[in-house]
Amino acid sequence: MDDRLKRYVWLSIAAAIATILLKGVAWWLTGSVGLLSDALESFVNLAGALMAFAMLTLAAVPADDKHAFGHGKAEYFSSAFEGFLILLAAASIAYAAIDRLLHPQALEAVGVGLLVSVVASLINLFAAFELLKAGRQFNSITLEADAKHLMTDVWTSVGVIVGVGLVWLSGWLWLDPLIALLVAANIVWTGWQLLHRSASGLMDEVLPSQQLAAIEQVLDGYRRQGLVFEELRTRQAGMQAFISLHVRVPGEWSVAQGHDWLERIEADIRTIVPGGNVITHLEPI
């Protein structure tokens, strides 16, 4: 794995461990099922980060005889696994919340517990920003999925902190499990988005529309010079992008001349799609 990617994965793992400890302490101090739901989601963060480490390591393995196009799709297993864990956490949170609705319990040491939870949320916020920036820089769905999950965790924590504070001030004990149920519903949506995106990647979905438009802009420049393009096909596999197209050139050109033009076209496309695997097929007009 690229050392730069490894650094961000270790950041995610460290942030998950720190927030598990802090949120666990907050729940232990207060007895709030809302804070318990927040702590459970941090366990999902840790499992997701460990899975991300494993899948990014696998995705970095070079192409071989059995995997001619590399191992980039391994990243989608990581994001799908994290999506599944999010749904599992939501079910656990909902179970605990319903039990608390049926058996209300007063909260304790709320002030200290909320302060600890705020510190944990700030750690997650920092890690989420760093991972999201890295995910976009390296075009890694694994890092981006981890970042979005952490950002969801931050907003979840904000809602829990506000809600538990209201319980503390108002004495409405039913509000605590209600907040936990809202947290569960929110993270179900996040889990569904991750599963959907993973499925799209495994089904060889085309490159994003912005990149396709940029590729067409490059090809338009060559069309004005008499070249014709057909059968443009693209797909994304984790951090790798694959682009294939047929290039028709004037029939009187030599093979060497046509090949030189294909080299330029491929190089220009790679400036638009860094690291893209471009395959061209030369034909006469």
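Note that the structure is predicted; figures quoted are calculated from it, not measured. For every chain, the first residue of the written sequence is number 1, and numbering continues from 1 onward in sequence order. Predicted model: local features are reported for residues with pLDDT of at least 70 only, side-chain atom pairs are reported and counted for 80 or more only, and whole-chain, interface and lining totals are derived from all residues. Each side-chain value is derived from all of the structure's non-hydrogen atoms; neither hydrogens nor water enter the calculation.

Caption draft 1: Inspection of the sheet that holds strand E2 (residues 240-249) at higher detail. Here, any two strands with at least 2 DSSP bridges between them count as paired. Only runs of H or I of at least four residues qualify as helices and only runs of E of at least two qualify as strands under DSSP, and these elements are numbered from the N terminus. A sheet is described by the order of its strands in space; here three strands give the open sequence E1-E2-E3, paired in mixed fashion. The open sheet has two edge strands, strand E1 (228-237) and strand E3 (277-284), and neither has a second partner. Put simply, the sheet's adjacent strands are angled 10° from each other on average, direction ignored. Pairing analysis gives eight bridges linking E1 to E2, with the strands arranged antiparallel. The residue of E2 that forms the bridge with glutamine 236 is alanine 241. Fitted lines through C-alpha atoms serve as axes, helices being fitted only where they are in contact, and the angles separating the N-to-C directions of these axes extend from 0 to 180 degrees.

Caption draft 2: How the structure looks around the packing of aromatic side chains. The criterion for an aromatic pair is that two Phe, Tyr or Trp rings (for Trp, the six-membered ring) have centres within 6.5 Å, with stacked assigned to planes under 30 degrees apart, edge-to-face to planes over 60 apart and tilted to the rest. Evaluation of the coordinates by the stated rule reveals three aromatic pairs. Here tyrosine 222 and tryptophan 261 contribute two aromatic rings whose centre-to-centre distance is 6.1 Å and whose plane-to-plane angle is 75°, an arrangement assigned as edge-to-face. One end of the pair, tyrosine 222, is in helix H7 (residues 209-223); the other, tryptophan 261, is in helix H8 (residues 255-272), with 39 residues separating them in the sequence. Of the two residues, tyrosine 222 and tryptophan 261, both sit in the buried class. Grouping aromatic residues by their ring pairs yields a cluster made of Tyr222, Trp253 and Trp261. Cation placement over rings: the criterion is NZ of Lys or CZ of Arg within 6 Å of the ring centroid and within 35° of the ring normal. Stacked on the ring of phenylalanine 242, the Lys or Arg arginine 235 has its end atom at 4.2 Å from the ring centre. Exposure classes here rest on a 1.4 Å probe applied to the protein chains alone. A residue is buried below 20% of its type maximum, exposed above 50%, and partly exposed in between.

Caption draft 3: Quick look at the pattern of salt bridges. A side-chain nitrogen of Lys or Arg and a carboxyl oxygen of Asp or Glu constitute a salt bridge if their distance falls within 4 Å. Scanning all chains against the criterion turns up seven salt bridges. Between arginine 223 and aspartate 220 there is a salt bridge, with its nearest N and O atoms 2.5 Å apart. Here arginine 223 and its partner aspartate 220 are both found in helix H7, three residues apart, which amounts to about one turn of the helix. The partly exposed category is assigned to arginine 223, whose relative accessible area is 32%. We note a salt bridge from arginine 248 to glutamate 283, for which the minimum N-O separation is 3.0 Å. One end of the pair, arginine 248, is in strand E2; the other, glutamate 283, is in strand E3, with 35 residues separating them in the sequence. The exposure class of arginine 248 is partly exposed, given its relative accessible area of 24%.

Caption draft 4: Representation of a nonpolar patch on the surface within the structure. On the surface, Leu101, Trp172, Trp174, Leu178 and Leu182 cluster together into a nonpolar patch covering about 540 Å² of accessible area. Within the secondary structure, leucine 101 is located in helix H3 (residues 74-102). For patches, a residue must show more than 30% relative accessible area and have no salt bridge; joins then use 9 Å for like charges and 5 Å for nonpolar side chains, namely Val, Leu, Ile, Met, Phe, Trp and Tyr. Under the convention used here, a 1.4 Å probe and the Shrake-Rupley method define accessible areas, while residue burial counts only the protein chains that appear.

Caption draft 5: Here's a closer look at the nonpolar core. Here, nonpolar core means buried Ala, Val, Leu, Ile, Met, Phe, Trp, Tyr and Cys residues that are tied together by side-chain atoms lying within 4.5 Å of each other. Residues Ile93, Val160, Val164 and Ile187 are the most contacted members of the largest nonpolar core, which totals 27 residues. Residue assignment for this core shows that the elements contributing at least two residues are helix H2 (33-59), H3, helix H4 (110-138), helix H5 (141-170) and helix H6 (175-202). Those residues in contact with isoleucine 93 that lie beyond four places of it in its chain are Ser37, Leu40, Ala180, Val183, Ala184 and Ile187. With 20 residues, the next largest nonpolar core counts Leu5, Ala16, Ala128 and Leu150 among its residues. Any two residues having at least one pair of non-hydrogen atoms within 4.5 Å are treated as being in contact.

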